[in-house]
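Listed below, chain by chain, are the residues.
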Amino acid sequence: MNLRTHDIAIASYFRFSVTSHLVPEFLANIAHRWQEAENVEYMFGIVGVPIMEVAMAAQAAGIKYVGMRNEQAACYAASAIGYLTGRPAVCLVVSGPGLIHALGGMANANVNCWPVLVIGGSSDQNQETMGAFQEFPQVEACRLYSKFSARPSSLEAIPSVIEKALRSSIYGRPASCYIDISGDMVNARVDRDTVRFVSCCPPPPVSLAEPTAITEAVSVLREAKRPLLIIGKGAAYGRAEREIRELVELCGLPFLPTPMGKGVLPDDHANCVAAARSRALLQADVIVLLGARLNWILHFGLPPRFHPQVKVIQVDLCAEEMGNNVRPVAALLGDIRAVVSQLLECFRKEVWKYPSDTDWWKTLREKMAANAEISKGLALRPTLPMNYYMVFHHVAQLLPRNCVIVSEGANTMDIGRTLLHNYLPRHRLDAGTFGTMGVGLGFAIAAAMLERDRSNGQRVVCVEGDSAFGFSGMEVETMCRYKLPVIIIVVNNNGIYSGVDADTWREMGKMGDLTTVAPPVTLLPDARYDEVMAAFGGQGFLVQTPEELRSALELSLEDCERPSLLNVLIDPASDRKQQDFPWLTRSNL
Ligand code: ADP
Ligand code: MG
């Protein structure tokens, strides 16, 4: 390390400043006009040459630096802060491989439309093309994974480039942005008087939908026989919960949350039809799409999952999103909170309420009751090993209503989504639009940091498949290091989708080399993930029965000082209940 810590501490008193100080100094002050908080608060990363000094200077500037174990998880964590707070956090990485590891997080953030700012160190400019240490065309590499990717042309330009990156990450459709800082820039000096300091950007400007489009939407909705609101994570990000609740209740509309739209309105709200999802999607004649895309998660809005003549009223702040897969009858381009307020204004003036005794409500309620009955039957089976439904039944009973639920895995996430309820907005984080496995621990660390710093006393519960846990499992050390009381529940079925039990595994071993005979989905049976947590000082529980599950979860909830991991061994053959449509049903394009 060339730079003395001393330099960083005293840099602000001198006319000459080191670049490592310029970056955090600007980051720390960029958002001072914002109401909710003073600063860009968090930097997640892994240090090394050439960005060590940047992390230290960030701390000196009052930014919390969270050291992670893999850049991918660091980037997942930073992007989760962006989604949960609406303000970007920074992911700081070293050159070459460090940056490349972060690309997964950038892609995930971009696909989810979440803001994040990645700052990567890179090799010295005067060694470019020479085969420098960890040399890689980083700005170019990030272009596909971000909406802004640049290296400041000079030291003087650093603040204005950071301002542009930050602004780009939250204006328009949120996304990831990248700033490259070459190694030689980190320790160079600059005359502060020559630096182009720019003032920070205000919060994103808010736009309203065109009044004619609002009128059209209102008249289509008034005529609807089988209306449905779909609430997506754009509504959560846009903090539109109050307005959407008023719309739902004023007009008596059934609503369906997407996976991360869960909690914008509580899952137990009387108008929530999540338990009749397939039927609601299939038969609705008018759908109001509130910050959700008609992508694979919503089966492209097409038959056989949707009615062929469904009329879509689309609310989104991204003009290019309008008409993807289904042309909307009304395209309400604007900020979701503002647009829903526009709709409310019309419905308040000329009150309209969808009757609660229609056939549509009847069919939805019937389906919900039938589905609840099937799940209950599976949950209360007295057999061991447990199945998914039993596990989630007990977990759901014990979780506090205000906890943040992080979830990933195949069956674990799919079944968990239906049985673990959310009651508050932005309290669910999962594999998301990109279907990324390995996000859970990074997300949980970010959410737990926020909870700790906001002193809300809300717990973060991370419900993981055993395969999903493996991708970023070493982040349990990060949780233990920062004393984050995350509760990780590993629903362990010995494999990806499904595994085999220990006896079968042993038999397979006798049949030949496991690399040729073991099904690719299998993982080590009964692996002791709980001991991984215990190794770092957290609580580890091996759980095989509902009683053990309940007591381990209760003990974990009592402990606010350290993380816990419940390794819940379930039947490796446990599966999802029969679905009306197979996963990823081919749509008629
Ligand atoms: P889901 O996975 O819940 O269906 P998506 O990520 O597919 O949600 O869609 C979210 C949509 O919300 C994106 O198209 C994004 O452009 C949009 N969006 C994000 N924030 C806002 C906002 N404040 N106002 C309107 N639309 C928004
Ligand atoms: Mg599994």
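Quick caveat, the model's predicted, so the values are computed rather than measured.

## Some words on the coordination of the magnesium ion (ligand 2)
Within the protein, the magnesium ion (ligand 2) binds to Asp466 (OD), Asn493 (OD1) and Gly495 (O); these donor distances fall in the range 2.0 to 2.1 Å. Sequence positions of the residues that donate to the magnesium ion (ligand 2) give the spacing D-x26-N-x1-G. A residue pair is termed long-range when its members are at least 10 positions apart, and Asp466 in helix α18 (residues 466-471) and Gly495 in the loop between β17 (487-492) and α20 (502-511) qualify at 29 residues. Here the two residues Asp466 and Gly495 agree in accessibility, since each one is buried.

## Section: the pattern of salt bridges
Taken as a whole, this structure holds 24 salt bridges when the rule is applied. For Lys64, the salt bridge identified is with Asp453, shortest N-O distance 3.1 Å. Placement of the pair is Lys64 in strand β3 (residues 64-67) and Asp453 in helix α17 (residues 440-454), with a sequence separation of 389 residues. We classify Lys64 as partly exposed; its relative accessible area is 30%. By relative accessible area, Asp453 is classed as partly exposed at 25%. Ionic pairing is found between Glu246 and Arg348, a salt bridge with its closest N-O pair at 2.9 Å.

## A look at the pairing of β3
Note: strand β2 (residues 42-45) against β3, four bridges, orientation parallel. By the bridge assignment, Tyr42 is partnered in β3 with Lys64. Chirality of the crossover, the property in question, places the unit of β2, helix α3 (residues 52-60) and β3 among those that are right-handed.

## Let's talk about the packing of helix α4 (residues 71-85) against helix α5 (residues 97-112)
Taken N-terminus to C-terminus, the directions of α4 and α5 make an angle of 35°; their axes are 7 Å apart at the nearest point. For the pair α4 and α5, the sense of crossing is right-handed. Taken together, the residues of α5 that come into contact with α4 (itself represented by Glu71, Gln72, Cys75, Tyr76 and Ser79) are Gly98, His101, Ala102, Gly104, Gly105, Met106, Asn108 and Ala109. Classifying every residue of the contact of α4 with α5 gives five nonpolar, seven polar and one charged.

Parameters at a glance
Residues numbered from 1 in each chain as written. Chains lettered and ligands numbered in written order. Predicted model: local features only at pLDDT ≥ 70, side-chain atom pairs only at ≥ 80, totals over all residues. Heavy atoms only, no water. Donors = N, O, S within 2.8 Å, 3.2 Å for Na, K, Ca; no water. Helix = DSSP H or I, 4+ residues; strand = E, 2+ residues; numbered from the N terminus. Buried < 20%, exposed > 50% of the residue type's maximum accessible area, 1.4 Å probe, protein only. Salt bridge = Lys/Arg side-chain N within 4 Å of Asp/Glu carboxyl O. Pairing = 2+ DSSP bridges. Right-handed = clockwise from strand over helix to strand, strands pointing away. Axes fitted to C-alpha atoms, helices over the stretch in contact; angles between N-to-C directions. Left-handed = near helix turned anticlockwise from the far one by under 90°. Contact = heavy atoms within 4.5 Å. Nonpolar A, V, L, I, M, F, W, Y, C, P; charged D, E, K, R; others polar.

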